[in-house]
Amino acid sequence: MTALLDVRDLRVGFRQDGQVTQAVKGVSFHVERGETVALVGESGSGKSVSALSTVSLLGDSAEVSGSVTYEGQQMIGADEALLRKVRGNDISFIFQEPMTSLNPLHTIEKQLGESLALHQGLAGAAARARILELMEKVGINDAESRLGAYPHQLSGGQRQRVMIAMALANKPDVLIADEPTTALDVTIQAQILDLLKELKDSEGMGLLFITHDLGIVRRIADRVCVMQHGEIVEQGPTTEIFDNPQHPYTIKLLSAEPTGQPDPVPADAPEIVSTEHLKVWFPIQQGLLRRTVGHVKAVNDATISVRAGETLGIVGESGSGKTTMALAIMRLIASEGGITFMDQDVRQWSTRQLRRLRSEMQIVFQDPFGSLSPRMTCFQIISEGLGIHGVDKGTDQRVLVHEVMVEVGLDPGTMDRYPHEFSGGQRQRIAIARAMVLRPKLLVLDEPTSALDMTVQVQIVELLRDLQVKYGLAYLFISHDLKVVRAMSHKVMVMKRGDVVEYGDAADLYERPKSDYTRTLLQAAT
């Protein structure tokens, strides 16, 4: 019996400067109707390239050979008419970042309608009815009021649901989901996974699920294919792969989970930062005179204290106020309430007064590629703060950059390379080095591991813990990954819609959560 999607001896190379780099090397797998197959591996292992090859979505520089059949029809070398019929109709894709996949200039109704018009010839009232049906099916509440919304007006979870609705619009036989939950909160992630499973069962689709998160694989997949360096090194039923892995790389992936706890905070550790009844409210203004008619309560009455060598983990869904609170503490946005940094009340300080403290408080962002200038070398990126703050004027900056690169596990010989020449994990180490070169007292870590592979996550967590012990750093660690937060944090604050739901010792909170919301978050993460 022929598989719904059958990939055999797939090989993909990319031509550049007269040479061909092999990205996929003889990959074979199949997807049956009503089955979920997971492609698992780290960045660069060939997962997405293999998936895009199924309907010839790779660029002109790609050299593809082998066999890819959909219901017995050969896709490699197929004419454009057949490929157009299959793409988005019989085989649909959901991509990782919906904000870049959706057109920011078109409403949700228009974007969903385009696919229906192209493949089914639906328009007008019939198309609108089908769009509403799809939006309700993927769990978008009050669907009719959302038809005129633009992507930026929706939350991350809602945007991902719109992408799923677009993928399902033409009732595909195969749905390929490429890291569809990586950027989502744990509760939204759980909802999306449940939705995909429910839709797969009800529609009888085959689902090819691409991810680096093995927790998701255990939850959703029937079979697993583990990829490394363009090859499938192991494949089989999910329970068999998890219970009895054979290949060393599979064993390494399964054990790649942040574990352990941070070192205890010294009893005499001084307080680095504290807040008292911190409040960040954004006015809602309407009318010609822009009168304030209400407020968005981004942070409401937050009181914290973080000592040297201590980590406060801040968790909650998108929009809960985590990052807003950190930016307010760093005096990057206006706020009310007390903020004390290094025993100094900085609430009323001017920009000029704050400037001398800026080197003492640094931030590392979620997306290392987006936060590093592509026009600057690694050396220029790391040393930029030294020039701005006049740190160690009498010292050769290359010596200081060399030292900090060694400290964060980077080869100093690469300091004249550009960001695109580094892997995701290396770019995040550059971002950490840029902050650490100034020897700060407080480091805000805003989702620093969410865009990284599991094995790289473990390395970054260990690096951050080592640096904390060595320099007595105070961390504000913002994340939706509760396993990483547990491995990093001494104390945890749980936020929901601007309110502090729970705050206390990390071990106590994880073992004995007091609020229903905290219990929901912990349950969604397991």
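Conventions adopted
- Residues numbered from 1 in each chain as written.
- Predicted model: local features only at pLDDT ≥ 70, side-chain atom pairs only at ≥ 80, totals over all residues.
- Heavy atoms only, no water.
- Core = buried A, V, L, I, M, F, W, Y, C linked by side-chain atoms within 4.5 Å.
- Buried < 20%, exposed > 50% of the residue type's maximum accessible area, 1.4 Å probe, protein only.
- Domains from an automatic or database assignment.
- Contact = heavy atoms within 4.5 Å.
- Phe/Tyr/Trp six-rings, centres within 6.5 Å; stacked < 30°, edge-to-face > 60°.
- Lys NZ or Arg CZ within 6 Å of the ring centre and 35° of its normal.
- Axes fitted to C-alpha atoms, helices over the stretch in contact; angles between N-to-C directions.
- Helix = DSSP H or I, 4+ residues; strand = E, 2+ residues; numbered from the N terminus.
- Parallel < 35°, antiparallel > 145°, perpendicular 65-115°, else oblique.
- Left-handed = near helix turned anticlockwise from the far one by under 90°.
- Nonpolar A, V, L, I, M, F, W, Y, C, P; charged D, E, K, R; others polar.

Asker: Give a description of the nonpolar core that names residues and reports values.
Answerer: Ranked by internal contacts, the top residues of the largest apolar core, which has 52 residues, are Ile 382, Ile 430, Ile 432, Leu 464, Leu 467, Tyr 475 and Val 492. Two domains share this core, each providing at least three of its residues, namely domain 3 (259–342 + 441–525) and domain 4 (372–440). Not counting residues within four places of it along the chain, the set of residues in contact with Ile 432 comprises Val 364, Val 408, Ile 460, Leu 463, Leu 464 and Leu 467. Within the second largest apolar cluster, 47 residues are counted, among which are Leu 147, Leu 175, Ala 177 and Phe 209.

Asker: Account for the domain arrangement of the protein chain, naming residues and giving values.
Answerer: When the domains of the protein chain are assigned, the result is domain 1 (1–90 + 172–255), domain 2 (98–169), domain 3 (259–342 + 441–525) and domain 4 (372–440). When each unit is reduced to the centre of its C-alpha atoms, the spacing between domain 2 and domain 3 is 34 Å.

Asker: Describe the packing of aromatic side chains, naming the residues involved and giving the relevant values.
Answerer: Counted under the stated rule, the structure contains 1 aromatic pair. Over the aromatic face of Trp 281 sits the side chain of Lys 279, whose NZ or CZ is 4.2 Å from the ring centroid. Above the plane of the ring of Phe 379 lies Arg 398, whose end atom (NZ or CZ) is 4.8 Å from the centre.

Asker: With reference to specific residues and values, describe the packing of helix α15 (residues 378–389) against helix α17 (residues 424–436).
Answerer: For the pair α15 and α17, interaxial distance at closest approach is 7 Å and the crossing angle is 30 degrees. Relative to α17, the element α15 is oriented roughly parallel. Here the hand of the crossing between α15 and α17 comes out right-handed. Taking contact as the criterion, the partners of Cys 378, Ile 381 and Ile 382 in α15 are, on α17, Ile 430, Ala 433 and Arg 434. Classifying every residue of the contact of α15 with α17 by side-chain character gives 5 nonpolar, no polar and 1 charged.

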